[in-house]
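Residues per chain are reported as follows:
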Amino acid sequence: MTNKFREFIQKVGSGNHTSDNLTRAEAATATKMMLLAEATPTQIGAFLIAHRIKRPTGEELAGMLDTYHELGPKLSAIAQPVIVLGIPYDGRTRTAPINIITALLLAAAGQPVIMHGGDRLPTKYGLPLIEIWQGLGIDWTGLSLEQTQGIFEETGIGFIYTPKHFPLNQTLWEYRDQLGKRPPLATMELIWCPYMGEANIIAGFVHPPTEAIFQAALGLRGITKYTFVKGLEGSCDLPRDRTAIIGLSSSSPETLTRLQLSPREYGFSTKNVPLTTTEELIQDMQGVLTGKAREFMQTALWNGGFYLWRSGICPDMQAGIDKAAELITSGLLAAKLHQIKMLLG
């Protein structure tokens, strides 16, 4: 088996003029061999750095997703389509994340949401989703996949905690730490769908070429509903300091519908809320949940408005913003958080 993996290294690591891309099947096999430790540590490290230098293709990401679908955890399908939020696993260091408030808004409006991630990870070791949830009184880390499924069905929010639900994946992050660079697997994770039913994959990106790679990979996987956001620190949080650049799936699999949203046109100030400490972030989030008109509220309404529109709950952006404000001031967001807490006991 190690000889087989050596062929993959030779294919992607032969330099600018002679290296070649893997086929979808080869990428799936290479990913499986790494997850199952059928390749040696030296081979895995060599492959990850060589593939990072070469850059992944959509076909290769599709193959990686094939293996994650085969070996990874999946929540069972429910009666309606869900939104899967693809957020960088290595967290945030500069800007305050709003995605958990967004998830609560969507769930409170009847749109189920799935999130996924782990603990602090290289290369940024930024604030991860799991710590924010814990700060709000929700600890997903001890739940089995079956318990997570029950909370998802009851509340409309599910969280795949990879150290618990996908331990095979954790081993690879030791390599990522030692290499000091994000491997292509970190890009793939943003469009991973740990769900067995119909989903709208929402992923953030930094570099424009990533959109086309995402689109190609999801197309090969047969996923036709997706949203790509040039968001804060590679997340799907819409920025306020610039026009939000968004790609939406369309009726043609080869075409992205381009959307540009200016926060100023909707009455929002054009600055992002900085991330200071986790404690201050939690205080700001609790302020939003209780309807207090702080600076962070603008970020909540700006993002909530877009996602309520994108999910089809509201007919346009302004209606989405108004709906987000209504959900917050009515106490439904706080009630949704309380519902999850009660189920966790």
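Residues numbered from 1 in each chain as written. Predicted model: local features only at pLDDT ≥ 70, side-chain atom pairs only at ≥ 80, totals over all residues. Heavy atoms only, no water.

## As for the overall build of the protein
So, step 1. Summing up its helical and strand segments, the protein has 15 helices and seven strands in all.
So, step 2. The C-alpha radius of gyration computed for the protein amounts to 20 Å, which stays within 12% of the reference 20 Å derived for 345 residues, consistent with globular compactness.
So, step 3. Seen through its principal axes, the protein has C-alpha atoms that stretch 60 × 45 × 40 Å.
So, step 4. Going through the 345 residues of the protein one by one, you find that 53% of them count as buried.
So, step 5. Within the protein, counting contacts between residues at least 6 apart in sequence, those at least 24 apart form 72% of the total.
So, step 6. A total of about 14,000 Å² of accessible surface is found on the protein, and carbon and sulfur atoms cover 50% of it. (Helix = DSSP H or I, 4+ residues; strand = E, 2+ residues; numbered from the N terminus. Rg over C-alpha atoms; globule rule 2.2 N^0.38 Å. Buried < 20%, exposed > 50% of the residue type's maximum accessible area, 1.4 Å probe, protein only. Contact = heavy atoms within 4.5 Å. Areas by Shrake-Rupley, 256 points an atom, 1.4 Å probe, with all protein chains shown as cover.)

## Some details on helix α4 (residues 58-71)
So, step 1. The end-to-end C-alpha separation of α4 is 20 Å, in line with the 20 Å expected for 14 residues at 1.5 Å each.
So, step 2. If you check which residues of α4 are buried, you get G58, E60, L61, A62, G63, M64, L65, T67 and Y68. (Expected span 1.5 Å × (residues − 1).)

## Some details on the packing of helix α1 (residues 2-12) against helix α2 (residues 24-35)
So, step 1. For the pair α1 and α2, the least separation of the axes is 10 Å and the interaxial angle reads 120°. Considering the angle they form, α1 stands oblique to α2. When you trace α1 past α2, the crossing you get is left-handed. Where α1 approaches α2, its residues K4, F5, F8 and K11 are matched on the opposing element by E26, T29, A30, M33 and M34.
So, step 2. A breakdown of the residues in the contact of α1 with α2 according to their chemical character gives five nonpolar, one polar and three charged. (Axes fitted to C-alpha atoms, helices over the stretch in contact; angles between N-to-C directions. Parallel < 35°, antiparallel > 145°, perpendicular 65-115°, else oblique. Left-handed = near helix turned anticlockwise from the far one by under 90°. Nonpolar A, V, L, I, M, F, W, Y, C, P; charged D, E, K, R; others polar.)

## Focus: the packing of aromatic side chains
So, step 1. Within this structure, the stated rule accounts for 14 aromatic pairs.
So, step 2. A centroid spacing of 5.7 Å and a plane angle of 40° characterise the contact between F166 and W192, whose relative ring orientation is tilted. In this pair, F166 is assigned in the loop between α8 (162-165) and α9 (167-179) and W192 in the loop between α10 (184-189) and β4 (199-204), connecting sequence segments 26 residues apart. Across the pair, W192 and F166 agree in class, each one buried.
So, step 3. Through successive ring pairs, a cluster of aromatic residues spans F5, F8 and F47. (Phe/Tyr/Trp six-rings, centres within 6.5 Å; stacked < 30°, edge-to-face > 60°.)

## Some points on the packing of α2 against α4
So, step 1. Contact geometry of α2 with α4 gives a least axis separation of 7 Å together with a crossing angle of 45°. As the angle between them shows, α2 and α4 are arranged oblique. Seen along the crossing, α2 lies across α4 with a hand that is right-handed. For the pair α2 and α4, the contacting residues are R24, A27, A28, T29, T31, K32 and L35 in the first and E59, E60, A62, G63, M64, D66, T67, Y68, E70 and L71 in the second.
So, step 2. Classifying every residue of the contact of α2 with α4 gives seven nonpolar, four polar and six charged.

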